[in-house]
Amino acid sequence: LVRGGWVGEVDAPRSRAWGATPMQGSAAKDVVGPYLEALTLFVALQPVDNVAKGHVLHLLSVSVSGWHAAPDPELGYGVSAGLATETCEAVVCVLRLLHSSGADKPLTANRCTPYVCSFLALACTVRTFEEAQGLPVPGQWAVIAGLQSEAGMSLNGLRAVVERFHPESGRFIVRLQPEDPPAAWKKVRAENLRPELPPGGVVARAADGARECGRACLAGVAEIFDDLLREMQAEDLENEDIILGRILHSQLAAAMWEALVCCWGDRGMGLRGSELVELCGGDFSLCSHLARDVLSAHSMVQLSLGLGPPEQEGRALGRLRALQENFARAYCELFQPSVLWGAGLEPGDAPMAELQRDLDGHILKVAASAVHLGVFAELALAAEFYLERALEGPSAGRRVPPVVLPVMLCRVVCTILVSSFATQDASSALLQRHFRLLMPDLLSVLLTFFEVLAARQHCEDIEDYFAASPAALDAFAALSAIGLWSLFSEAVPGRVVSLLLGMPRVLADPALFARLVLSLLSRPLEPALAGAYEALAPGDRAAFWQQVAARGKLCCLAPAEAKRAVEEWLSVSAEAEGPGFDMGALQVAATETAVDSLINRCLAELPDSLRDCPPPPTQREAVGAV
């Protein structure tokens, strides 16, 4: 292969074609070429038909040459639309070749590794569309030019409407006449189209073109995506204890999710639960398989910590964390009403009690598949992994601290437990038993979270940790309702309480103070808590009682029961309803809004985090993998 010119000499230094001071986002451009070289090796070693292999190798060779050629001075550090689309064609063809050659083989390392590399190469290639110059956009008029074939020369100079990008051929489908049927549409390469841009619309058009090309790429590999998900699900069911298989599946799932996010463009940042269900064909079990694999993807990184430069490791962790946070938000939305009634099914005029029963049944159904596959255990491990890193210092390359995964974990635990309290049947009992068994992991996450909160009280990011604290205390209260204090010695939960009592701001905040009190109703009264209640201002006391009534469901208590229990425990009387209660209701809503705003800010960092592309395998590693 080396002598034949498919790749450069092994271990030879690779020149960088994009200069010493590339523009922002050039990380994707810097690794596309090496990724294509690795894919060349993978394809060459595939036991498939030589004609099909030769065609794909030719596409890869042309793309590799394009990425290592000197950039066009007119483009600056940009990418030509032709190179971006040709590369996309090559990567999609690689995926199709891998899919056709291994459909009846297990997902071992020599199949998973080429797939991982291919999906990451697709993600990097799609990101280069953002900088591609002159990229046509569906609905845009363009002039055909530069065709050399006898049939094509007759089209030169004609105006056509761009219909869509066709990733399998690397061309754009265009329609010459409005009345032309699809059979008469033409496929033309980007370099042979001269888009007609409206005045002042260059930037907007470029962004639209990148999004449309990304979605076309996603459509081009959708069948492969679906089949791989089913393969991983089937192999997991057959080989539940194979550790290597789990690691390979987690790396493949993370690469597939990254390609999905990048292909989906700006929508990829905010993928919703309903879209995840649609992606998995409405199968909640398949959603949970994907969740378990994506949320365990940090395990491979965890094994290699300390072996590379700290800054590079920090960027790699920041990128992976962003992907896992993005996925966790979509997955945890499966437990929300928007998934049950979001697909054109309106709740209608049914009584509220009936709607609540339907929602509780939906939540318990989704939770059952998650429990069976260990999703919550993986989510807890991922949350604690990043929190432990936060104890060492701020996350490199990330402005928002690692609070999204803990918040998502706490929210989904509370949602499930509250529904189980309301249902009280055999499935509810099994779910509560699961969380009792999982309680050491959950409690460890909460303890680490509050240790970070205590350690960073005087740091710039402390407000973000305090914004996430209500969710953590919600989970602490819900766990106390299913036996936290009776199942454990007081050492670990007592450590959590000691940390909280040592932070005056917790005792002065009505939302946090109310949750802490609900968590301790089965314990003897701490003198510090009685004093903290007396120190609250009248308006804060009203907010405290509003929070107690609103969060009592976490302890299986109705609002009136929760207020009565807290009155007896604190030996006080609830504030009479008045203007303060209106303010309390506003504070309850403000608490949730602050957490959602924090999550959105964190997910908004996803595009920048993904610009720190994972390094492609070296040529020696690629050969070794196969």
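See the structure above.
Conventions adopted
Residues numbered from 1 in each chain as written. Predicted model: local features only at pLDDT ≥ 70, side-chain atom pairs only at ≥ 80, totals over all residues. Heavy atoms only, no water. Helix = DSSP H or I, 4+ residues; strand = E, 2+ residues; numbered from the N terminus. Buried < 20%, exposed > 50% of the residue type's maximum accessible area, 1.4 Å probe, protein only. Contact = heavy atoms within 4.5 Å. Areas by Shrake-Rupley, 256 points an atom, 1.4 Å probe, with all protein chains shown as cover. Salt bridge = Lys/Arg side-chain N within 4 Å of Asp/Glu carboxyl O. 1 Å grid on protein atoms, 1.4 Å probe; cavity = no way out; pocket = protein on both sides within 12 Å on 5 of 7 lines; lining within 4 Å. Points joined across faces, edges and corners; volume = space filled by probe spheres on them. Nonpolar A, V, L, I, M, F, W, Y, C, P; charged D, E, K, R; others polar. Phe/Tyr/Trp six-rings, centres within 6.5 Å; stacked < 30°, edge-to-face > 60°. Lys NZ or Arg CZ within 6 Å of the ring centre and 35° of its normal. Expected span 1.5 Å × (residues − 1). Core = buried A, V, L, I, M, F, W, Y, C linked by side-chain atoms within 4.5 Å. Pairing = 2+ DSSP bridges. Axes fitted to C-alpha atoms, helices over the stretch in contact; angles between N-to-C directions. Bend = angle between axes of the 7 residues up to and from the residue. Parallel < 35°, antiparallel > 145°, perpendicular 65-115°, else oblique. Left-handed = near helix turned anticlockwise from the far one by under 90°.

**Re the overall build of the protein**
Here is step 1: Scanning the protein for helices and strands turns up 29 helices and seven strands.
Here is step 2: Out of the 626 residues in the protein, the part that is buried amounts to 52%.
Here is step 3: For the protein, restricting intrachain contacts to residue pairs at least 6 apart in sequence, the fraction spanning at least 24 positions comes to 76%.
Here is step 4: Here the protein displays about 26400 Å² of accessible surface, and carbon together with sulfur accounts for 56% of that area.

**Things to note about the pattern of salt bridges**
Here is step 1: Scanning the model with the defined rule gives 17 salt bridges in all.
Here is step 2: For Glu231, the salt bridge goes to Arg111, with nearest N and O atoms at 3.0 Å. Of this pair, Glu231 sits in helix H6 (residues 202-238) while Arg111 sits in helix H4 (residues 109-128), placing them 120 residues apart in sequence.
Here is step 3: The exposure class of Glu231 is buried, given its relative accessible area of 15%.
Here is step 4: A residue is classified by how much of its surface remains accessible, and Arg111, at 9% relative accessible area, is buried.
Here is step 5: It is possible to trace a salt-bridge network through shared partners that takes in Arg127, Glu258 and Arg319.

**Here we look at unusual backbone geometry**
Here is step 1: Positive phi, close to 65 degrees, is recorded for Cys556, a residue that is not glycine.
Here is step 2: Of note in this structure, Ser571 is not a glycine but carries a positive phi near 60 degrees.
Here is step 3: You can see Ser571 is positioned in the loop between helix H26 (559-570) and helix H27 (579-603).

**Some thoughts on the environment of Val403**
Here is step 1: Along the chain, Val403 turns up in the loop between helix H15 (375-392) and helix H16 (404-423).
Here is step 2: Overall, the relative accessible area of 1% leaves Val403 in the buried class.
Here is step 3: For the pair Val403 and Ala468, spaced 65 residues apart in sequence, the C-alpha separation works out to 6.6 Å.

**Looking at empty space enclosed by the protein**
Here is step 1: Scanning the model with the defined rule gives one cavity of 30 Å³ or more in all.
Here is step 2: Put simply, the largest cavity is a space of about 50 Å³.
Here is step 3: Leu409, Cys410, Val413, Leu442, Val445, Leu446, Ala475 and Leu479 together form the lining of the largest cavity.
Here is step 4: Elements that contribute at least two residues to the lining of the largest cavity include exactly H16, helix H18 (439-455) and helix H19 (462-481).
Here is step 5: Residue classes in the lining of the largest cavity are distributed as eight nonpolar, no polar and no charged.

**Here we look at the packing of aromatic side chains**
Here is step 1: Tallied over the entire structure, the rule returns 16 aromatic pairs.
Here is step 2: Considering the side-chain rings of Trp257 and Phe327, the 4.8 Å spacing of their centres and the 80 degrees angle between planes classify their relative orientation as edge-to-face. Here the residue Trp257 occupies a position in helix H7 (residues 243-264), and Phe327 occupies one in helix H12 (residues 310-332), the gap between them amounting to 70 residues.
Here is step 3: Among the residues examined, Trp257 registers a relative accessible area of 2% and is labelled buried.
Here is step 4: Residue classification places Phe327 among the buried positions, given a relative accessible area of 0%.
Here is step 5: Taking the centre distance of 6.0 Å and the plane angle of 80 degrees together, the rings of Tyr331 and Phe335 count as edge-to-face.
Here is step 6: One aromatic cluster in this structure is built from Trp257, Phe327, Tyr331, Phe335, Phe376 and Phe435.
Here is step 7: Positioned over the ring face of Trp141 is Arg159, at 4.3 Å from the centre of the ring.
Here is step 8: Sitting above the plane of the Phe466 ring, Arg505 keeps its charged end 4.1 Å from the centroid.

**A short note on H7**
Here is step 1: For H7, which comprises 22 residues, the first-to-last C-alpha distance of 31 Å matches the rise-based estimate of 32 Å (1.5 Å per residue) to within 8%.
Here is step 2: The element H7 is extensively covered by neighbouring structure, given that 17 of its 22 residues are classed as buried.

**Section: the environment of Val492**
Here is step 1: With respect to the helices and strands, the residue Val492 is situated in helix H21 (residues 491-501).
Here is step 2: When its relative accessible area of 33% is taken as the criterion, Val492 is described as partly exposed.
Here is step 3: Note: C-alpha distance between Val492 and Leu443 (49 residues apart in sequence) is 7.6 Å.
Here is step 4: Excluding residues that lie within four positions of it along the chain, Val492 makes contacts with Leu443 and Leu447.

**A few points about the nonpolar core**
Here is step 1: Counting 194 residues, the largest nonpolar core has Leu122, Trp257, Leu276 and Phe544 as its most contacted members.
Here is step 2: No other element matches H7, which puts 13 residues into this core.
Here is step 3: Non-local contacts of Leu276, meaning those with residues more than four positions away in its chain, are made with Trp257, Cys287, Leu290, Phe327, Ala330, Tyr331 and Leu334.

**A word on the sheet that holds strand E5 (residues 171-175)**
Here is step 1: Taken in spatial order, the five strands make up an open sheet running E6-E5-E4-E3-E7, and their pairing is antiparallel. Pairing within the sheet leaves two strands with one partner each, and these edge strands are strand E6 (186-189) and strand E7 (193-195). Neighbour-to-neighbour, the strand axes of this sheet turn through a mean angle of 50 degrees, independent of strand direction.
Here is step 2: One ladder, built from three bridges, connects strand E3 (residues 141-144) with E7; its direction is antiparallel. Of the residues in E7, the one forming a bridge with Ile144 is Leu193.

**Notes on the side chain of Ser296**
Here is step 1: The topology assignment puts Ser296 in the loop between helix H10 (284-295) and helix H11 (298-303).
Here is step 2: For Ser296, a relative accessible area of 6% translates into the label buried.
Here is step 3: Setting aside residues no more than four positions away along its own chain, Ser296 makes contact with Ser250, Gln324 and Glu378.

**Quick notes on H19**
In an α-helix, one full turn covers 3.6 residues, which means residues spaced three or four apart are oriented alike.
Here is step 1: Here H19 contains 20 residues, and its C-alpha end-to-end distance of 29 Å stays within 8% of the 28 Å for a straight helix at 1.5 Å per residue.
Here is step 2: Ser469 marks where H19 bends most, by close to 35 degrees; the proline Pro470 follows one to four residues later.
Here is step 3: Of all the 20 residues making up H19, 18 are buried; the element is thus mostly covered by neighbouring parts of the structure.
Here is step 4: Once H19 finishes, Gly483 follows within two positions and takes phi at roughly 105 degrees, a positive value.

**As for the packing of helix H14 (residues 352-373) against H16**
Two quantities define a packed helix pair, namely the angle between the axes and the distance from one axis to the other.
Here is step 1: At their nearest, the axes of H14 and H16 sit 9 Å apart, and the two run at 125 degrees to each other. Judged on the interaxial angle alone, H16 and H14 are oblique. Every pair of crossing elements has a handedness; the one defined by H14 and H16 is left-handed. For the pair formed by H14 and H16, the contact residues are Asp360, Ile363, Leu364 and Ala367 on the first element and Thr415, Ile416, Ser419, Ser420, Ala422 and Thr423 on the second.
Here is step 2: Looking at the contact of H14 with H16, its residues break down into five nonpolar, four polar and one charged.

**Quick look at the packing of H16 against helix H17 (residues 426-437)**
Here is step 1: Relative orientation of the contacting elements H16 and H17 amounts to 140 degrees, with a least axis distance of 9 Å. In this structure, H16 meets H17 at a crossing whose hand is left-handed. Here Val413, Ile416, Leu417, Ser420, Phe421 and Thr423 of H16 come into contact with H17, specifically with Ser428, Leu431, Gln432 and Phe435.
Here is step 2: Considered class by class, the residues forming the contact of H16 with H17 number six nonpolar, four polar and no charged.

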